[in-house]
Amino acid sequence: MARVSAVPYASLAPDIRDIVQTYGTEYGPFGNQAQVLSHVPPAAHHLAAMLIELKQRSGITWRYIELAVVCVSKINACDYCVAHHSPHLRVSGLSESGLDRLLDYQDHPELDDIDKLVVEYTIAVTNNAGRVRDNMFVRLRENFTEAQIVELTLRIGLCGFFNRFNDALMIEIEQELCGD
């Protein structure tokens, strides 16, 4: 059970409610997270709107975003985020065993060279962002635009935020993801 109550969508101002409810239902089954985040309506609105807009604009291949999000969530042991994002990688062709060993990327048979670079970068940013080496950016620039590198880094950082938010407040995984 979450440590704070869920805020009903109906109690939010209409301009905030619509975007937060879209995030909680259509963007993904993030209703529990969206309704707890709604205790701070401006944060709920702006985070939800930004995530929806980033997904719609497709600035970077969605597989790379999902690889990064699952890697960060595995490093931080956030069950909520792993449960929500792993299905996207299964659809994208990763097996259960491939997901299980995602952080062991160097010889991962289901990842191509760019996938491995994304995982390597994600681990570096998550574990020690201040020590990411220049040669990593040389390799990133060979495969991504600067805008894509910024977006990937943004999503890695946001995922770390959501991991901490979900775990500290004990946000429950939505029933439809539990298979019960």
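It should be noted that the structure appears before, not after, this text.
Notes on the structure follow. Predicted model, so just to flag it, every value in this text is computed and none were measured.

1. Quick notes on the packing of helix α1 (residues 14-27) against helix α3 (residues 41-57)
Here's step 1: Running from amino to carboxyl end, α1 crosses α3 at an angle of 55 degrees, the nearest separation of the two axes being 9 Å. On the basis of their axis angle, the class for α1 and α3 is oblique. Between α1 and α3 lies a crossing of left-handed hand. Where α1 approaches α3, its residues Asp15, Ile16, Ile19, Val20, Thr22, Tyr23 and Tyr27 are matched on the opposing element by Pro41, Ala44, His45, Ala48, Ala49, Leu51, Ile52 and Lys55.
Here's step 2: Of the residues belonging to the contact of α1 with α3, the class tally is 11 nonpolar, two polar and two charged.

2. Focus on the environment of valine 40
Here's step 1: Inspection of the secondary structure assignment puts valine 40 in the loop between α2 (31-37) and α3.
Here's step 2: The partly exposed category is assigned to valine 40, whose relative accessible area is 47%.
Here's step 3: Taking the C-alpha atoms as reference points, valine 40 and alanine 10, 30 residues apart in sequence, are found 15 Å from one another.

3. Digging into the side chain of lysine 116
Here's step 1: By secondary structure assignment, the location of lysine 116 is in helix α7 (residues 113-128).
Here's step 2: Buried and unpaired, lysine 116 has aspartate 113 as its nearest opposite-charge partner, separated by 4.7 Å.
Here's step 3: Each residue touching lysine 116, except ones within four places of it in the same chain, is listed here: Tyr105, Gln106, Asp107, His108 and Leu111.

4. Quick look at the packing of aromatic side chains
Here's step 1: Throughout the structure, instances matching the rule amount to eight aromatic pairs.
Here's step 2: Look at tyrosine 64 and phenylalanine 144: their rings are 5.5 Å apart centre to centre, the planes differ by 90 degrees, and that puts the pair in the edge-to-face class. Residue tyrosine 64 is located in helix α4 (residues 62-75), and its partner phenylalanine 144 is located in the loop between α8 (134-143) and α9 (146-168); the two are separated by 80 residues in the primary sequence. For the pair tyrosine 64 and phenylalanine 144, a shared accessibility class is recorded, and that class is buried.
Here's step 3: Note on phenylalanine 161 and phenylalanine 162: the rings are 4.9 Å apart at their centroids and 65 degrees apart in plane angle, and the pair reads as edge-to-face.
Here's step 4: Overall, phenylalanine 161 belongs to the partly exposed group, its relative accessible area being 33%.
Here's step 5: Through successive ring pairs, a cluster of aromatic residues spans Tyr23, Tyr27, Phe30 and Tyr80.
Here's step 6: Above the face of the tyrosine 27 ring, lysine 55 is positioned so that its terminal group lies 5.1 Å from the ring centre.

Reading guide: rules and limits
All residue numbers here refer to positions counted from 1 along the written sequence of the relevant chain. Only residues with pLDDT of at least 70 get local features here, since the model is predicted, and only at 80 or more are side-chain atom pairs given and counted; chain-wide, interface and lining totals rely on the full set of residues. The basis for every side-chain value is the complete set of non-hydrogen atoms in the structure, without hydrogens or water. As a rule, the C-alpha atoms of each element are fitted with a line to give its axis, helices using only the stretch in contact, and angles between N-to-C directions run from 0 to 180 degrees. Only DSSP runs of H or I covering at least 4 residues are called helices, and only runs of E covering at least 2 are called strands; the numbering of each starts at the N terminus. Each angle gets one of four labels, with under 35 degrees taken as roughly parallel, over 145 as roughly antiparallel, 65 to 115 as roughly perpendicular, and the rest as oblique. Should the near helix be turned counterclockwise from the far one by less than a right angle, the crossing is left-handed, whereas a clockwise turn marks it as right-handed. When checking whether two residues touch, look at their non-hydrogen atoms; a contact exists if any pair is within 4.5 Å. Residues were grouped as follows: Ala, Val, Leu, Ile, Met, Phe, Trp, Tyr, Cys and Pro as nonpolar; Asp, Glu, Lys and Arg as charged; and all remaining residues, including Gly, as polar. Exposure classes here rest on a 1.4 Å probe applied to the protein chains alone. A residue is buried below 20% of its type maximum, exposed above 50%, and partly exposed in between. Charge assignment in this entry is limited to Lys and Arg as positive and Asp and Glu as negative, and neither His nor the chain termini are counted. In the sections that follow, a salt bridge refers to a side-chain nitrogen of Lys or Arg positioned within 4 Å of a carboxyl oxygen of Asp or Glu. A pair of Phe, Tyr and Trp rings is counted when the ring centres sit within 6.5 Å of each other, with Trp represented by its six-membered ring. The angle between the planes then sorts it: under 30 degrees is stacked, over 60 is edge-to-face, the rest tilted. The rule for a charge over a ring is simple: NZ of Lys or CZ of Arg within 6 Å of the ring centre, and within 35 degrees of the ring normal.

Remember that the coordinates give geometry; whether it matters functionally is a separate question.
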